[in-house]
Amino acid sequence: MKGNSETWLWGRALLVFVVALSALAQTDERVEEPDANVESGRQTTLTPDPLALPAWSAADERAFARGRPVNLGGGLWPANVFPLQPVPPSETPALPVEATAVAGAPTVPSPPIIGKFDRAVASSYFAEPPANRVVDPQKLLPEPKARELERFLAQQAREARFDVCLLVFGGGQELPDDIDLDDVFSRWFGANHDSVLVAYFLGEPHRVHVIFSPQTRHQFRAKDLDAITVIAISQASASPYPTSQLDSFLLQLSISLFALEKTPPVMAAMTGMARPPSATATNNRPLLSKTGWIWLAPAAVAVGLVVRWWRHRRRRRLAFYLADREFVVRLGAPHSGGAGAVISWE
Amino acid sequence: MANVAAICPRCERPLDERAPACAACGLSLSVLDEQFGEDCVVLDRVTDAAHVLRLAEKDSVIDAIEHFERSFPQLFVTVYLGVLPRHASLRLFGFWLLNRAAVTAVEINRPNESGALVVADMRSKALGLTLGYHLEALFSKKELIGILGAACGAFGRREYGEGLVHCVNDFSRVLQKKLRKGMMESRSYADSYSPLGGGIDELPRLRQGHRRGLGIDKEEPHEREQ
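All of the points below concern the structure found in this document. Note that the coordinates shown come from a computational prediction; the quantities given were computed from them, not determined experimentally. (Residues numbered from 1 in each chain as written. Chains lettered and ligands numbered in written order. Predicted model: local features only at pLDDT ≥ 70, side-chain atom pairs only at ≥ 80, totals over all residues. Heavy atoms only, no water.)

**A short note on the interface of chain A and chain B**
Reasoning step 1: Taken together, the contact between chain A and chain B spans 31 residues of the former and 67 residues of the latter.
Reasoning step 2: Of the roughly 4600 Å² buried where chain A meets chain B, counting both sides, 61% is carbon and sulfur surface.
Reasoning step 3: At the boundary of chain A with chain B, the tally comes to one salt bridge.
Reasoning step 4: We note a salt bridge from Arg330(A) to Glu136(B), for which the minimum N-O separation is 2.8 Å.
Reasoning step 5: Put simply, chain A and chain B have 16 residue pairs in polar contact (both at pLDDT 80 or more) between them.
Reasoning step 6: At the level of elements, helix 10 (290-316) and strand 5 (340-344) of chain A are the ones that each hand at least two residues to the side of chain A that touches chain B. (Contact = heavy atoms within 4.5 Å. Buried area = accessible area lost by both parts, 1.4 Å probe. Salt bridge = Lys/Arg side-chain N within 4 Å of Asp/Glu carboxyl O. Polar contact = N/O pair within 3.5 Å; in protein donor to acceptor, adjacent residues only side chain to side chain. Helix = DSSP H or I, 4+ residues; strand = E, 2+ residues; numbered from the N terminus.)

**What about the sheet that holds strand 2 (residues 46-48) of chain B?**
Reasoning step 1: Strand order in the open sheet made by the five strands is 5(A)-6(B)-5(B)-3(B)-2(B), with mixed pairing throughout. Unpaired on one side and paired on the other, strand 5 of chain A together with strand 2 of chain B mark the two borders of the sheet. For this sheet, the mean inter-axis angle between neighbouring strands, taken without regard to orientation, is 10°.
Reasoning step 2: Strand direction decides the pairing type here: strand 2 of chain B and strand 3 (residues 76-82) of chain B, joined by three bridges, are parallel. (Pairing = 2+ DSSP bridges. Axes fitted to C-alpha atoms, helices over the stretch in contact; angles between N-to-C directions.)

**So, the pairing of strand 5 (residues 115-121) of chain B**
All names here are of chain B.
Reasoning step 1: Here strand 5 lies mainly inside the structure; seven of its seven residues are buried.
Reasoning step 2: Burial along strand 5 is two-sided: Gly 115, Leu 117, Val 119 and Asp 121 and Ala 116, Val 118 and Ala 120, pointing in opposite directions, are all buried.
Reasoning step 3: Pairing analysis gives seven bridges linking strand 3 to strand 5, with the strands arranged parallel. Residue pairing across strands places Phe 76 opposite Gly 115, the latter belonging to strand 5.
Reasoning step 4: Pairing between strand 5 and strand 6 (residues 126-131): six bridges, direction antiparallel. The residue bridging Leu 117 from the neighbouring strand is Thr 130, located in strand 6. (Buried < 20%, exposed > 50% of the residue type's maximum accessible area, 1.4 Å probe, protein only.)

**Examining unusual backbone geometry**
Reasoning step 1: Of note, the phi angle at Leu331(A) is positive, near 55°, even though the residue is not glycine.
Reasoning step 2: Turning to its location among the elements, Leu331(A) is positioned in the loop between helix 10 and strand 5.
Reasoning step 3: On the accessibility criterion, Leu331(A) (1% relative accessible area) is buried.
Reasoning step 4: Its identity is not glycine, yet Lys125(B) carries a phi of approximately 50°, on the positive side.
Reasoning step 5: Residue position: Lys125(B) is located in the loop between strand 5 and strand 6.
Reasoning step 6: For Lys125(B), a relative accessible area of 23% gives the class partly exposed.

**Focus on a nonpolar patch on the surface**
All names here are of chain A.
Reasoning step 1: On the surface, a cluster of nonpolar side chains totalling about 310 Å² of accessible area is made up of Leu 14, Phe 17 and Val 18.
Reasoning step 2: Following the sequence through the fold, Val 18 ends up in helix 1 (residues 2-32).
Reasoning step 3: Looking at Val 18, the relative accessible area reads 47%, which means it is partly exposed. (Patch = residues over 30% accessible without salt bridge, like charges linked within 9 Å, V, L, I, M, F, W, Y side chains within 5 Å. Areas by Shrake-Rupley, 256 points an atom, 1.4 Å probe, with all protein chains shown as cover.)

**With respect to the packing of helix 2 (residues 55-71) of chain B against helix 6 (residues 160-180) of chain B**
Residues and elements named next belong to chain B.
Reasoning step 1: The contact between helix 2 and helix 6 brings their axes to 8 Å, and the two run at 10°. The angle between helix 2 and helix 6 falls in the class roughly parallel. On helix 6, the residues that touch Glu 57, Ser 60, Val 61, Ala 64, Ile 65, Phe 68 and Ser 71 of helix 2 are Tyr 160, Gly 161, Leu 164, Val 165, Val 168, Asn 169, Phe 171, Ser 172, Leu 175 and Gln 176.
Reasoning step 2: Of the residues that constitute the contact of helix 2 with helix 6, the class distribution is 10 nonpolar, six polar and one charged. (Parallel < 35°, antiparallel > 145°, perpendicular 65-115°, else oblique. Nonpolar A, V, L, I, M, F, W, Y, C, P; charged D, E, K, R; others polar.)

**Side note on the side chain of Asp247(A)**
All names here are of chain A.
Reasoning step 1: Its location among the elements puts Asp 247 in helix 8 (residues 242-262).
Reasoning step 2: Residue Asp 247 is classed as buried on the basis of its relative accessible area of 17%.
Reasoning step 3: Side chain to side chain, Asp 247 and Lys 145 meet in a polar contact 2.7 Å long.

**So, the packing of aromatic side chains**
Residue and element names in this part refer to chain A.
Reasoning step 1: In this structure the tally under the stated criterion is 20 aromatic pairs over all chains.
Reasoning step 2: Site record: aromatic cluster; members linked through ring pairs are Tyr 125, Phe 126, Phe 169, Phe 185, Trp 188, Phe 189 and Phe 201.
Reasoning step 3: The aromatic ring of Phe 201 is capped on one face by Arg 207, whose charged end is 4.0 Å from the ring centroid. (Phe/Tyr/Trp six-rings, centres within 6.5 Å; stacked < 30°, edge-to-face > 60°. Lys NZ or Arg CZ within 6 Å of the ring centre and 35° of its normal.)

Structure below.
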C-alpha cells in the first residue's frame, strides 16, 4: 500500500515537471519567434538576446493583446517603455497609434519642420482678429481635431471666465521678429480683459507663449500666472505625441484657469496658484494692499509688545520663597555675619 | 563661585564658625557696639539721614523695595543714607546696623537675617551692601560689586534715588535668576547650613531683634496696645 502511494506521488511530481518544462519552452518560442505584427522601425524592448527576456505571464499576454501597456519584466524597464503593440490589420501599419486616435479617424501628421515664418503665412495668422478660437491656417491639425478643440475652448469660454484663443504653429517654426504677441493681444482683445492668447508649437510644448491681458496680469501675481503655464507644459510633456500634448496642455490650462477664478485668496497664496478675481472692480485688488501691510506690521509689533508686557507682568507677579535653613551665628551677631561688599562711587 | 559668607568684615580672613570673635582681629558685634552704640536703630524702608533724597526719589525707591518684597515674601531690603564719622568703616557700620536695626515697615515674619541693607556714606562717597545670614550664601563678592556698580553711575551724578532703584532692581534680578536656577538647593548652600528643625521654637528668636529695637522685648502685646 505504501509502495503504491510513493509511486503515485513520484508520478505526479514527474508529470508536473514535464508540464512546466513544456510551458517554458512554449513561452521562449513565443517570444523569440519573429512577430509579423510588430511595427518595424520603432524602438522595441524585444532584443535578440534571449537571456535578457523575462517570462510572459497570462495577464501580460491578455493586456498585450488588448493593446494596453505591459510593465514587462517586473520593473526591469522604465515604466514609459512599453513593448510594441501589434497594429490592427485593418489600419495602416506605418502610422503611429495615439491614445486619442479613434478607429477610422484620419491620422495625425507629424508636425512639419518649417523654420522661419513665411510673410504670407504670418499674415494669415495675425492680419485679422480670429473668427474661431483655434487658429490654424497651416492646417497642422486634422480637421476633426481642430473642431474638437474648438468645441472644447468654446465650452471653456461658456463655463469659465477666461476665453482662450489658440494659435497653432508647427514644431521648429519661429515667429517673425516683428510680431509681438502682446501687441497682437491688445489688437485682437483690447476690450476683452478675460481673453488668453496661446501660441502653441506642435510637438514643442515648452515653447508655448501664454499671453494674459494687462488687467489679468495686474490682478494676479506673475508667479501665479507663470505657474499655470508651467503646470500645463509639464502635463503636456508627459505625452510623446504632439496632438496628445496639445490636448493635455489645453485641458490643464483650462483646469488652472478655472482654479484661478475659483480658488479662495488664502489658498491661492498657499498653493501659489492664484487669487480669485471678483465681479466688481473694488474687489479686484490684491488680498492685502500696501496700505494693509503698513497697518499690519505695526499691529503685529503691538501684539508682540503686549505679549511681552503680559509675560513680564506675569513674571513680576511671581513670588519666590527660600528654603528654611538654620544658620550659625558668627561674631556674636544674631542676624548678619557682616557678609557684603563696599565700593566707592568716586 | 566663592560666596561672601564666613569672612571677617574687617580683616577679611576666614572665620571660625561659632567663634564669638574673629581670631585674627578680634572683631565681634560687641566691639562695634562700643563704637556705634548698643541701642537698636529704628529704620524705615528708606532712611535718609543725610537728607539727599527728593521726595519723588524716595517714593521710587520705596516702590522698588515693595516690589522686591512682593517677589520675595520672606525677604526685605532697607536703605540707609547717612554721614558716618570720619575713619568709620562703612562695611563694619553695615554689619552693625543690620544686626541692630529694627525695620518697622516690614512684617514680623521677615527677620533681619533675611534682610539686605544698602548703606551709603555721603562723606566717604562709599556704597555698601550687607546681607543677612539667609542671603549671604547666595551671592559672591563679584556679584555684589556688580549690583553696587549699577548704582554708582547715578550716585556719581548725585542721582541717588535712581542709583538706589538700580541697586534694588539688580539685587532682585540676580536673586530671581539664582532661584530660578535652583541655586537654593546647591551643594555649597546645603553644606553650609543644615535644614531648620526648630519649628515654632524658632519664632521667639526671629522676633527678638524687632522687639529689642522697639524697646518692647519685655512687654506683652496687650500691654503694648494700652
